[in-house]
Amino acid sequence: MKKTLSAVLALVMLLTSFAAFSFTADAAEPMEKHIKGVNYEYVIKNDKVTIQYAFISGNSAGKTITIPSKIDGKKVVALECMGMEEKNTKTTTLVIPDTVEKLGGIYEGGGYKTIDCTNLATVKIGKNLKSMSYNPFMSSVKKFTVNSKNKYFTTVKGVLYNKKKTKLVAYPAKKAGKSFTVPASVKTLGTRSFYYVSKLKTLKTNKVVTVADETFYYSGIKTINFGKPLKTITGESFALPSGLKKITVAKGNKYFTVKDNVLFNKKKTKLVYFPYNKKLSKYTVPKSVKTVGRYAFFYNATKKVVVPASVKTVEEGAFMVFQGKVNVPSKVVKIEEEAYLGADVGKSLTLPSTLKTIGKYTFLNADFESVDLSKTKLTQIPEGAFSSCAKLAAVKLPSTLKTIGMSAFTDTAVTSLVLPASVTKVGAYALWCESLKELTVKGADTALNEDAIMQYEDDNAEAGIINTIVIKAPAGSKAETYANEKGFTFEAL
């Protein structure tokens, strides 16, 4: 996905193959320094310091922690991530010095960095902070303050906004009060702006037009009343809220409507969001729906969802780690990346002739035993599409297929596979399956990546595990050359 849904998705990533998802180390090797009870890991670039991680051990840092304005004589311009031991009970105030221009950061492999300190109640922001693209502060903050000379941010009653108050940047997670109405000047709710909010129960968005991705991530808000101006919101805006029970949209809104507490576009041709806490024995998507939206059913625990033939598009992450049973619509045309990642779509999956496109990691970690793609119009099986489907043993490919992407069938139970003559390219790790015994390549020009098929190392061979794969292909083909170079058994078709 484009922006990883943090903790839950991090767990999913750990279950996937190394070629599908990975967090990589920062390019520059960080240095370390202990200053007044805080351990800092940092890098220096262009004579400026970025603190990649700050860690407070025990109560040694005291009640107030002030991030240093200089380390090694260099100006500190960014704080990306911070944490502390749970036994720290003293630290309640964090001071961001005037030198710091940026808070938060993104891991190279995806995912937001956080500033999570157990009893941190007050965050004091200096005059030069200019970049905070999402709210990195987690579950303890009660109020933000900002230097009055700051040109980019301001606060009202502890809530952080951009200077013009057109964007709500961060609502303190433990701010007192059960209800909140967003000021009329605010048009945008920023990414994670209500991150881990626990005391707030009712939110009225007033004049808000745009709700960003993950706005309500792990929010305990129970009721959200969207106003008439709302124009942009997706299922990813909610991204696993822990408390949401009711959604309303003001009369006169031109873009959205709610039915049975499910959010749709105005014409009900798109199901936008099915609340995480709406757990039914069965839900049938209305036949008016043509599109199931991004992350619409993400992690929901409804026992069964029936998707009708009217649905032509299943968007990114729509049923990602959905906990019940769900079908692939019988006339679907497009299935986007991660749409059914980890979902239960049945033991045997036959995809329809209408299907033209599937995305990366579409069925990654799914539980089916066979998949029939032979009727589809697919020209590409993209990266990781069926990776880590541990029970997948039987696969039928379409005659329209041209490329098989990296890790497409990694860690499956496939024993034999037939590649149609139309296939021109097979990517790295695409067929890394310990179970694979026979590969039939019908095309003379099918090019197999050097690492397309798993090869055992010598130590595995010595342990009694040997490479017994047979490659069947036309004589003189690229596949024959590949088999000979790699030491596989070759049989001419």
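See above for the structure.
Residues numbered from 1 in each chain as written. Predicted model: local features only at pLDDT ≥ 70, side-chain atom pairs only at ≥ 80, totals over all residues. Heavy atoms only, no water.

Moving on, we get to the environment of Lys143. Its location among the elements puts Lys143 in strand S12 (residues 143-146). Looking at Lys143, the relative accessible area reads 41%, which means it is partly exposed. Beyond its immediate stretch of four places on either side in the chain, Lys143 contacts Ala121, Thr122, Val123, Gly158 and Pro172. (Helix = DSSP H or I, 4+ residues; strand = E, 2+ residues; numbered from the N terminus. Buried < 20%, exposed > 50% of the residue type's maximum accessible area, 1.4 Å probe, protein only. Contact = heavy atoms within 4.5 Å.)

Let us now look at the nonpolar core. Ranked by size, the top nonpolar core spans 68 residues in total, and within it Phe297, Phe319, Tyr340 and Phe386 carry the most contacts. Listing elements by their share of this core, those giving two or more residues are strand S23 (262-265), strand S37 (416-419), strand S39 (438-441), strand S41 (470-473) and helix H3 (478-486). Not counting residues up to four positions away in its chain, the partners in contact with Phe319 are Val292, Phe297, Val305, Val307, Val314, Val326, Ala339, Tyr340, Leu341 and Ala343. (Core = buried A, V, L, I, M, F, W, Y, C linked by side-chain atoms within 4.5 Å.)

Taken as a whole and judged by the stated rule, the model has 15 salt bridges. Across the salt bridge formed by Lys74 and Asp47, the nearest N and O atoms sit 3.2 Å from each other. Placement of Lys74 in strand S6 (residues 74-79) and of Asp47 in the loop between strand S2 (38-45) and strand S3 (48-56) is noted, with a sequence separation of 27 residues between them. Note on Lys74: relative accessible area 27%, which makes it partly exposed. (Salt bridge = Lys/Arg side-chain N within 4 Å of Asp/Glu carboxyl O.)

Once that is clear, we can look at the side chain of Ser237. Looking at where Ser237 falls in the secondary structure, it is placed in the loop between strand S20 (223-226) and strand S21 (246-249). Looking at Ser237, the relative accessible area reads 0%, which means it is buried. Within the structure, the side chain of Ser237 is placed 3.3 Å from the backbone oxygen of Val211, a separation counted as a polar contact. Residues in contact with Ser237, not counting those within four places in the same chain, are Val211, Ala212, Asp213, Glu214, Thr215, Phe216 and Tyr217. (Polar contact = N/O pair within 3.5 Å; in protein donor to acceptor, adjacent residues only side chain to side chain.)

Attention now moves to the packing of aromatic side chains. In this structure the tally under the stated criterion is 30 aromatic pairs. These aromatic residues form a ring-pair network of at least three members: Phe274, Tyr283, Phe297, Phe319, Phe322, Tyr340, Phe363, Phe368, Phe386 and Phe409. Lys279 extends its terminal NZ or CZ atom over the ring of Tyr276, reaching a point 5.2 Å from the ring centre. (Phe/Tyr/Trp six-rings, centres within 6.5 Å; stacked < 30°, edge-to-face > 60°. Lys NZ or Arg CZ within 6 Å of the ring centre and 35° of its normal.)

A separate point is the sheet that holds strand S29 (residues 325-326). Spatially, S25-S27-S29 is the arrangement adopted by the three strands of the open sheet, whose pairing is parallel. The outermost strands of the open sheet, each flanked by one partner alone, are strand S25 (283-284) and S29. By the bridge criterion, two bridges tie strand S27 (residues 304-306) to S29 in an arrangement that is parallel. By the bridge assignment, Lys304 is partnered in S29 with Lys325. (Pairing = 2+ DSSP bridges.)

Bear in mind that shape data such as this cannot, by itself, settle questions of function.
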